[in-house]
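Listed below, chain by chain, are the residues.
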Amino acid sequence: MLDAYRKDISDCTRSYLLFGYVAGHSLQPVMTWDDFTGVRVLALPGDVSYASNHGVYLADEQGRVCDIIYRGTKDRIHQATQPDGKVPLVSGPIFFSKDVSERLLQTYVTPPLDGCTYMGMDSGAPPLQISLFLDVLMCLCSNLTESDFINGERLGCSSPLGPQGAAVTSARAVLWKILRGIPLTMVYVPGGCYDYLTMSGRAHIDRLTKAGTVRDTLSHIENGQCVSQGGRVINCVLEGDVSLASRAVIQHCHLQGPIEVQSGCLLSGLKVTSSQARHLVLNSDIIIQGHHIKLGELKLTVYTVLGAQDDLELSSEDSTASFLNQQWSHFFHRTGIQPEELWMSGDHRSLLEARLFPVFQPKGGAVDLEGGACWLLGGLGSLEQWRTAWKLSLKEVLSLTDQEAELGWREQLFFLAGRRRVTDMLKGRSDCSLLPSFRAMVLGGQQGELLSTLDAIAASSTGNLGVASRCLANIADVLGCLAGEGRGGLRSGPAANPAWGSAFSLLEQGDLTAGVRALATERCNWLSRPDLLVRAARHYEGAGQILLRQAVKSAQKFVSIGHGEAPPIGEWLEVECPARLDLAGGWSDTPPIAFEHGGSVVNVAVKVDGKRPIGARARRIKEPRLVLVSSSGGQDCGVAREIVCENLEDLKDHCQPNAPGALLKSVCVCSGLVTFPSPQSLQEQLLQRWGGGVEVHSWSLLPHGSGLGTSSILAGAVFAAVYRCTARTYDTDSLIHAVLHLEQMLTTGGGWQDQVGGLVGGVKLARSKACLPLRVEVERLPVSQDFLVLLNQHLLLVYTGKTRLARNLLQDVVRSWYSRLPMIVKNAEQLVDNAEECACACTAGSLDRLGLCLDRSWQQKKVMAPGCEPVAVRTMMDALRPLVLGQSLAGAGGGGFLYLLTRQPLQGERVRQVLNNTPGLGDFSVHSVELDMDGISLLKPC
């Protein structure tokens, strides 16, 4: 329970920093709660001159608070200076550990401290005022002696020499006895700033604009070019051309331009439409504020105007007194207002008490900004309208403030700006994570508006399926936030509940708007429990995958198939392919990363134990049917499955990856061998197009889940065999993109590096740009013959005996990418950088540099897919570390083959000895590797 409370406090502190005036955008105060006991306070930096009117913590190098200096001398405050040249201002948040809280609770029944509580006062105890900072926390400061604490005269708290002196010293003595010895530590947040309330408009504006920051992360500014450097925008929504000069501030406002805010101005709490904005005349150094007030049951917004130079306390009769930065006489002359209309007899004739501001018209209702403050500034309106209105002074306005409504308005703006930022980031394809915004909005009960916003973005993204797919994935994140962390079950899982079928069908048909609407309608039925929310999240991810598949299918544009000479019926066309080893960049080729960020992968085509392990063959047959045979262990192996398709119905499961013969069926459909669905029967199609049926065989010598790219390379081999036996020509580039299309149809959603690795021989660097349609460009690297010899001598494969655990791996990675987790975004960039470095290492012929790239690649894979390193594999890699320059699990990890770049050549036997002497590994096997320079190869007709 305490741990959960500590987490809440830490989250609240982060929220406090978010809502406060923070100049930096990357503040991450370090707060460790392990074994924490005592009291912790938060401090924000300030200047010595500013701190002279406020409180400062004096702390040692370990953060232990020695003293609290309140309104001290500059020399005294200088003692608290931090390494950044600032001093730590007392800034509010305090956390008491459980044991300290229990001690503090003892005091509410202990005289005379019981006079600080309503229970004590209701029991007859005399009231007593004790300061949280200068009494309770001061008691914990290490530099104070008991006498100094109990008898010290301190500004800002009850005096031990005053009328209640005896009670004050007695109360302090009790605090000393109960709390003394408890550690008081400070967390300092460099780069932030704290703004105390002040009666000086000029001081407030200067304070806010001093950092020179243009805007904070809480605001949404439609036209950022209109905001000058040195201006300040805080928790606002600015639409259109809202021009903000340097040294001007807008806070808690929703404005629609055109508006020009001159230097030295402050706008606060305003909601100005474009029609009102035309009548808003702003000179420099003007302050306009909107105040939410409450009079009984009547709730109103009152608008006040002041000059930044005005002194609220000066009498209007003083020659230096002003209103709107001008002498009162000028204001009276300009408006026709008489002093008697502002102050009653006996009032102090100050600006603070002048009844200047119209609130309510007897016949017209509440006075808006245009009818009140704008007229005082010289805008539209009349003296008669002003005179007939019910008016308040600034002092009365402040005393009638409706704090609930004021905070509600600021919260409303905060969430509105958040939704606008979400829209901008998604449509602008930003790599910023939206999860913090989603969590904040869910905690604030704003999930309905947020979901509607995401629905609208998705439905309007017809021309950008990548954005639409990310929106649906983000909706899944929101649903996950609603369910709560660790509740409702696993996020990864099935997404085929029939209730969502109609929405999925609309998306499959390409009707994005109707599909998103149908998803939202069904979503309403799944919001009542955490388990339903998580299941709904899965289905939104499934819907996003539909759009992702459609986006990736754009690669079909780069499939170019020609016409050739048909082989005789019965003649086999056979192809063989090597496997592939991914040296660097793997995962960057995975959609949507491949077309949203851009991908870059270096891999090599390899024979395993001297053989090309993957192959396919096809021939035309007289019977109008499809005969599909898949084998494991080689084409002549007895472990084979034969499927005969005589009707189109036999192909209906071609897009279900676990269905028997799914890959071969998908090739038949994707290659255009047959059309599914079709009004023509299967037999009619085969006879009309090819004069008979087709028999296709495929095989792999590699175990399932090898990590060597088997299924994608096999798909390329089958495509090649089918194309050739049906008199069609192709190039390798077309095969690569055809496999991309096929994997989307199969819903396996893989990337492009596997087929590049096995279909293109040698060492190559493949790239895809951050755009759609998705196109893969392959560059064979100019590697020297000597380096190829070295690779053959230094590369080894070890089969770990572990089947690759990749069931939900891809789903988890795609989810993390769509959430734009900062670690994942950074890692994606590093994957690409490492691939480019690996290409340079290969071109330079450096085994050492290549080994570093392999190790780096494995670390990056583990960031991308946490948990992809089984314990036994880690044991294996640790045992082999002295023998290798670099090593990595092939593919996505989780098991399969481990590949090694050994320090010495021809180390197969030595590796086998080391592993045999390492306990806990189970079954493993060591295999030789030979680079294949040809890639996919067509064998002579059988």
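Quick note: structure is the one above.
In this text, all values refer to a predicted model and were calculated from it rather than measured experimentally. (Residues numbered from 1 in each chain as written. Predicted model: local features only at pLDDT ≥ 70, side-chain atom pairs only at ≥ 80, totals over all residues. Heavy atoms only, no water.)

Draft legend 1. The pattern of salt bridges, seen in detail. Evaluation of the coordinates by the stated rule reveals 36 salt bridges. One salt bridge connects Asp 932 with Arg 612, and the closest N-O pair in it is separated by 2.7 Å. On the criterion of sequence distance, the pair formed by Asp 932 in the loop between strand E36 (925-931) and strand E37 (937-938) and Arg 612 in the loop between strand E25 (599-608) and strand E26 (614-621) is long-range, its members being 320 residues apart. For the pair formed by Asp 932 and Arg 612, the shared burial category is buried. (Salt bridge = Lys/Arg side-chain N within 4 Å of Asp/Glu carboxyl O. Helix = DSSP H or I, 4+ residues; strand = E, 2+ residues; numbered from the N terminus. Buried < 20%, exposed > 50% of the residue type's maximum accessible area, 1.4 Å probe, protein only.)

Draft legend 2. Local environment of a nonpolar patch on the surface. Residues Leu 105, Tyr 108, Val 109, Tyr 118 and Met 119 make up a contiguous nonpolar surface patch of about 560 Å² in total accessible area. Mapped onto the elements of the fold, Leu 105 is located in helix H4 (residues 98-105). (Patch = residues over 30% accessible without salt bridge, like charges linked within 9 Å, V, L, I, M, F, W, Y side chains within 5 Å. Areas by Shrake-Rupley, 256 points an atom, 1.4 Å probe, with all protein chains shown as cover.)

Draft legend 3. Structural context of the pairing of strand E29 (residues 693-700). The element E29 is extensively covered by neighbouring structure, given that 8 of its 8 residues are classed as buried. Neither face of E29 is left uncovered, since the one carrying Gly 693, Glu 695, His 697 and Trp 699 and the one carrying Val 694, Val 696, Ser 698 and Ser 700 both have all their residues buried. Inspection of the sheet shows E26 paired to E29 by 8 bridges, in the antiparallel sense. Paired with Arg 620 across the two strands is Val 694, which belongs to E29. For strand E27 (residues 626-632) and E29, the ladder comprises 7 bridges, and the chain directions are parallel. Bridge pairing in E29 places Val 629 opposite His 697. (Pairing = 2+ DSSP bridges.)

Draft legend 4. View of the sheet that holds strand E14 (residues 271-272). Strand order in the open sheet formed by 4 strands is E6-E8-E11-E14, and the pairing between neighbours is parallel. Each of the sheet's edge strands pairs with one partner strand only, and the pair in question is strand E6 (220-221) and E14. The sheet contact formed by E6 and strand E8 (residues 237-239) spans 2 bridges and is parallel. Bridge pairing in E8 places His 220 opposite Val 237.

Draft legend 5. Looking closely at the sheet that holds E26. Spatially, E28-E27-E29-E26-E23-E37 is the arrangement adopted by the 6 strands of the open sheet, whose pairing is mixed. Looking at which strands have only one partner, the edges of the open sheet turn out to be strand E28 (640-645) and E37. Here helix H23 (residues 662-670) sits on the sheet and contacts E27, E28 and E29; the angle it forms with E27, its principal contact strand, is near 135°. Across the sheet, helix H25 (residues 710-725) is in contact with strand E23 (573-577), E26, E29 and E37; its angle to E26 comes to roughly 25°. (Contact = heavy atoms within 4.5 Å. Axes fitted to C-alpha atoms, helices over the stretch in contact; angles between N-to-C directions.)

Draft legend 6. View of the pairing of strand E33 (residues 795-799). The buried fraction of E33 is high, at 5 of 5 residues. Both E33 and strand E35 (residues 897-902) contribute to a ladder of 5 bridges, which runs antiparallel. Opposite Val 798, over in E35, you have Leu 898 as the bridge partner. Here E33 pairs with E36 via 4 bridges, running antiparallel.

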